[in-house]
Amino acid sequence: MNRPQPFFFRPTRSITRFLAIVTLISFLSLALFSGAARAETDPAGLQLSARSAILMDAESGQVLYEKDADTAYAPASMAKMMTEYLVFKAVEEGKLSWDQQITVTENASKQVGSRIFLAVGDKHTVEQLYIAMAVGSANDATVQLAEAVAGSEEAFAKLMNETAKELGMTHSHFINATGLDRADMPEEFRPTSIEGETVMSARDAATLAYHIIKEDPKFLEYSKIQTYKFRERDKDPIVNWNWMLESNKNVPSLRKFAYDGVDGLKTGHTSTAGNCFTGTALRNGTRLIAVVMGVDGSTNDGKRFLETAKLFDYGFNNFEKKTIIEAKKAVPGHETLPVKKGVRKKLEVVTASDLTVMVKKGEKIEPTVAEVKSVQDPLVAPIKQGDKVGTVTYTYKDPATQKDKSVTIDLVAAEDAKKASWWRLLFRGIGEFFAGLFKGIVNLF
């Protein structure tokens, strides 16, 4: 019996050529659109291998680059920056002193992870414990300092959360002083009045670093220490986890990670957080803060430092400081403000301070005057030179994000405005009366 033969489609040469062209166009379109998508999400073209990141000017807080900077992630030991900040404040306020002896408690002795193996009853100074925390990220030293400040680690965590709000850290939550996951804390010392886990966004980490550098610049003297021998009997010293320190150029195993100008701040790693780092570098008078979170790999591959170097390179190579508004300069179109009861009816005013921003090299920013306000309308003499008499608000395009920005600067008197004599004011009043009367008569016709 003859069975029907299966039909096989045999494309002609022209159809084959057509299909090849269509396939080629599809691949090109896919590459083009995926490239466009990458460019849209990463306009700087850094292609960072990090879950989130940010680059900030340490002087002004201006953001030069960001990637998912407002999502809260586990920060691991970067949370210790808040502990470092609060301990510094406690010393400044006289609640602690650097040479004060602290007796080690049970909670500190039971810490896991990076530690200096404190035992209950050991005595060490605040400064010794602080260096162990800043250099070696020691969890036991960190907890002991937290207890010295607040009485318990849980009370200290509440202080951390209160301080975060005060500093404008809107995407942060702390449950302990170390950044450890709740499950890694000694069970009997886990917080009962604070829920969740410790989280922090990249922007908040940079904000915290910004305040540390601004308010406690001496901290960098601790964070840049390469090695520290905690006890005389210790065989080996604590080695700084920050491999990017400029001083590591002299260490063969770390030379490829060392970066000119780096002198802080804090590393972090847990299985939940991945590899994290908040770094700062100073070059030619410009200090930058860089944060990377959730970098894959092990703590020993140094990848988080290579990713941070990309951020620093981008900032130092592409931006420069420019003063876009100068101090002691008149505002075009608003050189004077009206004055009442003065020898003169108008007062010359100038800006009280300048505004310097990070601008991409070769680019210009043209600020626009949005509003000028007097502290009193009109001003009343007498007024002394340098007195604040008003404000001026400028708008401009942020050079990094292209978002609209505004800044308000004080206006001050450029000269004295002496009070006029009663005789002058009398004749001025008479003159203004007749001038007003004449104007009213003219308006009748």
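Our subject in this report is the structure included herewith. (Residues numbered from 1 in each chain as written. Predicted model: local features only at pLDDT ≥ 70, side-chain atom pairs only at ≥ 80, totals over all residues. Heavy atoms only, no water.)

## Brief notes about the overall build of the protein
Put simply, the rule reads: Strands are runs of DSSP state E lasting at least 2 residues, helices are runs of H or I lasting at least 4, and numbering of each runs from the N terminus. When a residue's accessible area, from a 1.4 Å probe over protein chains only, is under 20% of the maximum for its type it is buried; when over 50% it is exposed; and in between it is partly exposed. The criterion used for residue contact is that any of the two residues' heavy atoms lie within 4.5 Å. We get accessible surface area from the Shrake-Rupley algorithm with a probe of 1.4 Å; when it comes to residues, only the shown protein chains can shield them.
Helix and strand content of the protein: 10 helices and 19 strands. The proportion of buried residues among the 445 residues of the protein is 45%. Sequence-distant contacts, at least 24 apart, represent 66% of the contacts inside the protein between residues at least 6 apart. Put simply, the protein shows about 23600 Å² of open surface, and 54% of that area lies on carbon and sulfur atoms.

## A look at the packing of helix α2 (residues 80-92) against helix α4 (residues 126-136)
The line we're drawing: Axis geometry follows a simple rule: fit a line to the C-alpha atoms, using only the stretch in contact for helices, then measure angles between N-to-C directions, giving values from 0 to 180 degrees. Oblique is the label for any angle not under 35 degrees, not over 145, and not in the 65 to 115 range, which are roughly parallel, roughly antiparallel and roughly perpendicular in turn. Whether a crossing is left-handed or right-handed is set by the direction in which the near helix is turned from the far one by less than a right angle, anticlockwise for left-handed and clockwise for right-handed. All residues other than Ala, Val, Leu, Ile, Met, Phe, Trp, Tyr, Cys, Pro, Asp, Glu, Lys and Arg, Gly among them, are scored as polar; the first ten of these are nonpolar and the last four charged.
The N-to-C vectors of α2 and α4 enclose an angle of 155°; their axes lie 11 Å apart at closest approach. Between α2 and α4, the angle is such that the two are roughly antiparallel. The handedness of the crossing between α2 and α4 is left-handed. Residues K80, T83, E84, V87 and F88 of α2 pack against V126, Y130, M133 and A134 of α4. Counted by class, the contact of α2 with α4 contains six nonpolar, one polar and two charged residues.

## Digging into helix α9 (residues 303-318)
Counted only if it meets this: Here the expected span of a helix is defined as 1.5 Å times the quantity of residues minus one.
Here α9 spans 23 Å end to end across 16 residues, near enough to the 22 Å set by a 1.5 Å rise per residue. Turning to α9, its buried residues are R304, F305, E307, T308, A309, L311, F312, Y314, G315 and F316.

## Quick notes on the sheet that holds strand β2 (residues 63-67)
Applicable threshold: By the convention used here, strands pair only if DSSP detects at least 2 bridges between them.
The five strands lie next to each other as β2-β1-β11-β10-β9, forming an open sheet whose pairing is antiparallel. Two strands bound the open sheet, and with one partner strand each, they are β2 and β9 (262-270). Taken over all neighbouring pairs, the strand axes of this sheet differ in orientation by 5° on average, direction set aside.

## Some points on the pattern of salt bridges
Cut-off, in case you're wondering: Salt bridge, as used here, is a side-chain nitrogen of Lys or Arg placed within 4 Å of a carboxyl oxygen of Asp or Glu.
Under the criterion given, the structure shown has 18 salt bridges. Where K329 meets E326, a salt bridge forms, and the shortest distance between an N and an O atom there is 3.9 Å. Residue classification places E326 among the partly exposed residues on the basis of a relative accessible area of 45%. One network of salt bridges, with partners in common, ties together K89, E92, E215 and D216.

## Some thoughts on the side chain of R182
Test applied: In this tally, Asp and Glu contribute negative charge and Lys and Arg positive charge; neither His nor the terminal groups of the chain are included. Here a polar contact is recorded for every N or O atom pair within 3.5 Å, except that within protein the pair must consist of a potential hydrogen donor and a potential acceptor, and residues adjacent in sequence are included only if both atoms are side-chain atoms.
As for its placement among the helices and strands, R182 is situated in the loop between β5 (172-173) and β6 (199-200). Look at R182: it is buried, it has no salt bridge, and the nearest opposite charge is E197 at 4.6 Å. Here the side chain of R182 touches I194 through a polar contact of 2.7 Å, landing on its backbone oxygen. Not counting residues up to four positions away in its chain, the partners in contact with R182 are I175, R190, P191, I194, E195, G196 and E197.

## A look at unusual backbone geometry
Omega for the bond connecting G264 with L265 falls within 30 degrees of zero, at 20°, which places this linkage in the cis form. Topologically, L265 is positioned in strand β9. D377 connects to P378 through a cis peptide bond whose omega is 0°. Its location among the elements puts P378 in the loop between β16 (368-374) and β17 (379-380). Of note in the backbone geometry, D68 takes a positive phi value of approximately 45° without being a glycine. Its place among the elements puts D68 in the loop between β2 and α2. Even without glycine at this site, F117 takes up a positive phi of about 60°.

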